Amino acid sequence: MSESSCYILDNGAYTAKAGFSTMEPKVVPNCIMKAKSERRRPFVGSQIEECRDASGLFYILPFQKGFLVNWDTQKTIWDFIFSKECCPVNFSETPLIITEPIYNFSSIQEAITEIFFEEYECQSLLRINATDLAEYHYRKTHNNECTVVVDSGYSYTYIVPYIKGKKYKEGIRRIDVGGKVLTNHLKEILSYRQLNVMEESYVINQAKEDSCFVSQDFMADMEIARRKGSSNTIVKDYVLPDYTTIRRGYLRDIVKPDEDLEQQTLRLNNERFSIPELLFRPSDVGIPQMGIPEAIMHSIEGCPEENKESLLENIVLYGGNTLFPGFRDRVFNEVRAFALDHFEVNVTLGENPVTYAWEGGKLMFRDPDFYSFCMTREEYEEEGKALAFERFDI
Amino acid sequence: MTSRESGRVKDAEKRRVLDDAARKRRARKAIEALEQDNFHEDPHADLVMSKKVPKFADSNEKPTRKKKAKSAEYYKMRFRKTFAQLVEEDASFRPDPPNYLSAQVPPSKFPDRHFCAVCGFPSNYTCIPCGARYCCVRCLGTHLDTRCLKWTA
Ligand SMILES: [Zn+2]
Ligand SMILES: [Zn+2]
């Protein structure tokens, strides 16, 4: 009963990564959006690419605070993902690997088991944490003993230590800062300082992705941003999309007032690095929590003494926020400074950070024991949902 | 409003100082705002949307499903639970740490940094009426004119 490929759905709170293990994954917005400009229909998942004017988009998300709670929304998006329009699949012939958040609530776990066996008529199902797939990916390419997986996503940043391939739960740490907090904070300060963009989450999220970087020396960059004229190498203008000639905004050097190009722009100065800084200092916006490097150390401190060395040597980062330029270097420099001198520290940015866990699923499908990790439809029918709790360590 | 009255209001404003509870409420609201998905109403809310779920082309050439697929609405009702309910449930499912609640990181060991509420640069001063931070007289002026006590939280 082994198939030549499986279907992997890394079901994130902001994007779902979906596709067959033999193909490249599709990255699909895991939401339904409504546009002011188009009143005829909502846009499901990647249909948003067909929307001519993405200003004032209204989001309907299946996830709340990182957990799947809006089932009608999720079902509609899954139906889209599994349809011809996106990435069609027949689960009665193809095993499925689906990811869930760390500590996913028990009734959500039950619901996923039920919907895939009963609604989508799944033959073999593997429910797993995305960090497990990322750890598998890292371990299969590094042959290491222990790993610290840092997943910095839309709702949270999770730090999960693994010892010999197994999650070490006492060491799991969560920071309540993810991409959403960063975008919302950028929206808030721009709306106060320059232009009301409170309704423009979609556009400002793109502005964040296109403009922000992680500072390597925060106070020094603040001094550079204070400078006037060309010695301020940080200040830039973000040209906003107008949906006639510009579909996605972009960053450009500031121009003198007399060469104004008649484009609507946002002036970005200290915002460019004080936004991603929240991942390193959540207290900058009043969230009383450690930043990522401090939390990595706190996580490792919670692990057995004999594994600390290997953990520090194998820190892997993935998720959308890790794409900010300078992210890896900042994590490395701070962890290096915190760790005792005689320990080696290695920090790796997962190759293609957005699909790093998905790619781990691809490797896991080739594991000779793959089918022993799964639950079959027959097992579900005979033993019910209780077996799923035994088999899947979420 | 007569000018005398508005003058009195202004004097009262000047003396007003936000108490600790109001400052905490403001801080909590600011953090809650960072969690929001939308800051505006559904632009289609005034439309009478047909209840029908969008239909996607079936994934198979010929339908192999014997039973009729259940609607999105069905699953909404079937699995309806709020975030608060789920957290409460988890307290009996995983009563002892490590669990969702215990995984949250503690506060940083580093002292808090302060930034000007107006321009975002490091700040050394605190607004007496509301406790916001500012960096210079100009930013304080902007703050008093725009936010300070003008927000009711
Ligand atoms: Zn200032
Ligand atoms: Zn004030």
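The rules behind these values
Per-chain numbering applies: the sequence of each chain, read as written, is numbered from 1 onward. Note on labels: chains are lettered from A, ligands numbered from 1, in written order. Per-residue local features of the predicted model are confined to residues with pLDDT of at least 70, and side-chain atom pairs are confined, for both listing and counting, to 80 or more; whole-chain, interface and lining totals are unaffected and use all residues. Each side-chain value is worked out from all heavy atoms of the structure, with water and hydrogens disregarded. In this analysis, two residues are considered to be in contact whenever any of their non-hydrogen atoms come within 4.5 Å of each other. Joining two parts hides part of their accessible area as seen by a 1.4 Å probe, and the buried area is that hidden amount summed over both. One speaks of a salt bridge when a side-chain nitrogen belonging to Lys or Arg is within 4 Å of a carboxyl oxygen belonging to Asp or Glu. Any N, O or S atom lying within 2.8 Å of the metal counts as a donor, and for Na, K and Ca the limit rises to 3.2 Å; water is left out, so some sites can look incomplete. For helices the rule is a DSSP run of H or I covering at least 4 residues; for strands it is a run of E covering at least 2, with both sets numbered from the N terminus onward. Per-residue accessibility, obtained with a 1.4 Å probe over protein chains only, is compared with the maximum for each type, and a residue is labelled buried under 20%, exposed over 50%, and partly exposed between these values. For two strands to count as paired, DSSP must find a minimum of two bridges between them. Pairing of aromatic rings covers Phe, Tyr and the six-membered ring of Trp, with a centre-to-centre limit of 6.5 Å; geometry is then stacked below 30 degrees between planes, edge-to-face above 60, and tilted otherwise. For a lysine, the NZ atom is tested; for an arginine, the CZ atom; a charge sits over a ring if that atom is within 6 Å of the ring centre and within 35 degrees of the ring normal. We call a set of buried residues a nonpolar core when its members are Ala, Val, Leu, Ile, Met, Phe, Trp, Tyr or Cys and they connect through side-chain atoms within 4.5 Å of each other. Geometry is assigned from the angles between donors: four donors with all angles from 85 to 135 degrees make a tetrahedral site, four or six donors whose opposite pairs exceed 155 degrees while the rest stay between 65 and 115 make square planar or octahedral sites respectively, and everything else is labelled irregular.

A. Inspection of the interface of chain A and chain B at higher detail. Each partner contributes to the interface: chain A provides 90 residues, whereas chain B provides 70 residues. Across the chain A to chain B interface the summed buried area is about 7200 Å²; carbon plus sulfur atoms make up 56%. Summed over the three residues of chain A that lose the most area to chain B, namely Arg39(A), Phe105(A) and Tyr192(A), the buried surface amounts to 11% of that side. Taken together, chain A and chain B are joined by seven salt bridges. Notably, a salt bridge pairs Glu188(A) with Arg147(B), separated by 2.9 Å at the nearest N-O pair.

B. Broad picture of the coordination of the zinc ion (ligand 2). All names here are of chain B. Looking at the metal site, the zinc ion (ligand 2) is ligated by Cys127 (SG), Cys130 (SG), His143 (NE2) and Cys148 (SG), spaced 2.0 to 2.3 Å from it. Mapped onto the polypeptide sequence, the residues donating to the zinc ion (ligand 2) form the spacing pattern C-x2-C-x12-H-x4-C. Of this pair, Cys130 sits in the loop between β1 (125-126) and β2 (133-134) while His143 sits in helix α5 (residues 137-146), placing them 13 residues apart in sequence. The residues Cys130 and His143 share a single accessibility class, namely buried.

C. Geometry of the sheet that holds strand β10 (residues 124-129) of chain A. Residues and elements named next belong to chain A. Pairing is mixed in the open sheet, where six strands are placed in the order β3-β2-β1-β9-β10-β20. Single-partner strands in this sheet number two, and they are β3 (26-29) and β20 (375-376). Looking at chain direction, strand β1 (residues 7-11) and strand β9 (residues 96-100) are connected through three bridges and run parallel. The residue bridging Ile8 from the neighbouring strand is Ile97, located in β9.

D. Spotlight on the sheet that holds strand β6 (residues 58-60) of chain A. Residue and element names in this part refer to chain A. Spatial strand order, β5-β4-β6: three strands in an open sheet with antiparallel pairing. The open sheet has two edge strands with one neighbour each: β5 (43-44) and β6. In this structure, strand β4 (residues 32-34) lies alongside β5, joined through two bridges in antiparallel fashion. Counterpart to Met33 in the pairing with β5 is Phe43.

E. Geometry of the packing of aromatic side chains. Residue and element names in this part refer to chain A. As enumerated under the stated definition, the model contains 36 aromatic pairs over all chains in all. With 5.1 Å between their ring centres and 75° between their planes, Phe365 and Phe370 make a pair best called edge-to-face. Grouping residues by exposure puts Phe365 and Phe370 together as buried. The ring of Tyr156 has Arg174 lying over it, and the distance from NZ or CZ to the ring centre is 5.2 Å. The ring of Phe280 has Arg330 lying over it, and the distance from NZ or CZ to the ring centre is 4.5 Å.

F. Expanded view of the nonpolar core. Of all hydrophobic cores here, the largest spans 137 residues; its most connected members are Trp78(A), Ile81(A) and Phe116(A). Sorting elements by how many residues they give to this core places helix α2 (residues 106-119) of chain A first, with six residues. Residues in contact with Ile81(A), not counting those within four places in the same chain, are Tyr7(A), Leu9(A), Ala16(A), Ala18(A), Val28(A), Cys86(A), Cys87(A) and Pro88(A). Judged by nonpolar contacts, the second largest core, of 23 residues, contains Tyr192(A), Phe218(A), Val118(B) and Cys139(B).

G. Representation of the coordination of the zinc ion (ligand 1) within the structure. All names here are of chain B. Every protein donor of the zinc ion (ligand 1) is accounted for by Cys116 (SG), Cys119 (SG), Cys135 (SG) and Cys139 (SG), and the metal-donor separations fall at 2.3 Å. What the four donor atoms of the zinc ion (ligand 1) show is an angle range of 102 to 116° at the metal, which sorts the shape as tetrahedral. Considered as a linear motif, the donors of the zinc ion (ligand 1) on their single chain read C-x2-C-x15-C-x3-C.

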